[in-house]
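Structural overview
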Amino acid sequence: MNNHLDLVYDSRKTLINFYKENGIPENGGVDKSTFEMDILGIQLNLPNPQFRKDVIHIHDIQHLLNGCDSSWKGEGFIAGWEISTGLWKHFPVCVFSIWAFGYSLWIYPKAVYNGFKKGLNDIGVIDLKIKEADFMKMEFDDLVQITQKNYHTSMGVFQWIQFLFWCFLSQLLFLSPIIFVAGITMWLI
């Protein structure tokens, strides 16, 4: 995991270094028509829709803000963090985060929980409504500052209900292909 405290240069340079360290294509792969995802050791080549291309820099800088690499443990933390900061309000990109939340619960549940818990006290980068060009010129430390809420929220009853709701919903999304096939099979039998 990276430590964002030693990053004192602009967001663009920070992001370029993140891509190099994690073997991610230049610009997060926004120029490509597909992107790769490793699930249970299987490398999937998925379509790269425009809505994903428009926000991939936001997702990747969130990895840096939270000191996470692009492993599934890091993705699980970021999925929890994104849902907690309200990314679920931004359809259709939220589908990726909800799915990653569901998948990561199976392999790194503590990372998902820790991300969700931290996100309660942060502002999602997407909600800052900063244009990409302006965002890339920002000093990284300034970005860290503007994503911090002025108050602290702990995991109380309401937050646990929220977390459990997202666990349930993410499992429905993640397991929907299996549920669908099982339903069709039961109907045919």
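It should be noted that the structure appears before, not after, this text.
**Quick word on the packing of helix α3 (residues 72–85) against helix α5 (residues 109–119)**
Contact geometry of α3 with α5 gives a least axis separation of 7 Å together with a crossing angle of 35°. α5 is crossed by α3, and the crossing has right-handed handedness. Along its contact with α3, which presents K73, G76, F77, G80, W81, I83, S84 and T85, the element α5 presents A111, V112, N114, G115, F116, K118 and G119. Residues belonging to the contact of α3 with α5 are distributed by class as follows: six nonpolar, seven polar and two charged.

**Overview of the environment of G67**
Among the structural elements, G67 can be located in the loop between α2 (50–65) and α3. The class for G67 is buried, based on a relative accessible area of 5%. Along the sequence, G67 and F77 sit ten residues apart, while their C-alpha atoms lie 9.9 Å from each other.

**Concerning the side chain of Q171**
Tracing the sequence through the fold places Q171 in helix α8 (residues 157–188). Beyond its immediate sequence surroundings of up to four residues, Q171 is in contact with G102, L105, W106 and S176.

**A few points about the packing of aromatic side chains**
Enumeration over the complete set of coordinates arrives at 15 aromatic pairs. Following the ring pairs from residue to residue traces out a cluster consisting of F101, Y113, F116, W160 and F163. Between R52 and the ring centre of F35, over which it is positioned, the NZ or CZ distance is 3.7 Å.

**What about α5?**
Burial in α5 covers these residues: A111, V112, Y113, G115, F116 and G119. Looking at the buried side of α5, the elements it contacts are α3, α4 (94–107) and α8.

**Describing a nonpolar patch on the surface**
Taken together, F180, V181, I184, W187 and L188 make up a surface patch of nonpolar side chains, about 620 Å² in accessible area. In this fold, V181 is placed in helix α8.

**With respect to the layout of surface pockets**
If you roll a probe as big as a water molecule over the atoms, it shows you where there is empty space left. In this structure, the largest pocket spans a volume of roughly 1000 Å³. As for the largest pocket, its lining consists of 38 residues, of which F35, E36, M37, R52 and E75 are closest to the centre. Contributing elements (two or more residues each) for the lining of the largest pocket: β1 (34–39), β2 (42–47), α2, α3 and α4. Ranked by residue count, the leading element in the lining of the largest pocket is α2, at eight residues. The residue makeup of the lining of the largest pocket, split by class, is 18 nonpolar, 13 polar and seven charged.

**Thoughts on the packing of α2 against α3**
Across the interface, α2 lies against α3 with an axial gap of 10 Å and an inter-helix angle of 105°. With respect to α3, the element α2 is oriented roughly perpendicular. Where α2 approaches α3, its residues H59, Q62 and H63 are matched on the opposing element by G74, E75, I78, W81 and E82. When its residues are assigned to classes, the contact of α2 with α3 shows two nonpolar, four polar and two charged.

Reading the values: the criteria
Residues numbered from 1 in each chain as written. Predicted model: local features only at pLDDT ≥ 70, side-chain atom pairs only at ≥ 80, totals over all residues. Heavy atoms only, no water. Axes fitted to C-alpha atoms, helices over the stretch in contact; angles between N-to-C directions. Helix = DSSP H or I, 4+ residues; strand = E, 2+ residues; numbered from the N terminus. Left-handed = near helix turned anticlockwise from the far one by under 90°. Contact = heavy atoms within 4.5 Å. Nonpolar A, V, L, I, M, F, W, Y, C, P; charged D, E, K, R; others polar. Buried < 20%, exposed > 50% of the residue type's maximum accessible area, 1.4 Å probe, protein only. Phe/Tyr/Trp six-rings, centres within 6.5 Å; stacked < 30°, edge-to-face > 60°. Lys NZ or Arg CZ within 6 Å of the ring centre and 35° of its normal. Patch = residues over 30% accessible without salt bridge, like charges linked within 9 Å, V, L, I, M, F, W, Y side chains within 5 Å. Areas by Shrake-Rupley, 256 points an atom, 1.4 Å probe, with all protein chains shown as cover. Salt bridge = Lys/Arg side-chain N within 4 Å of Asp/Glu carboxyl O. 1 Å grid on protein atoms, 1.4 Å probe; cavity = no way out; pocket = protein on both sides within 12 Å on 5 of 7 lines; lining within 4 Å. Points joined across faces, edges and corners; volume = space filled by probe spheres on them. Parallel < 35°, antiparallel > 145°, perpendicular 65-115°, else oblique.

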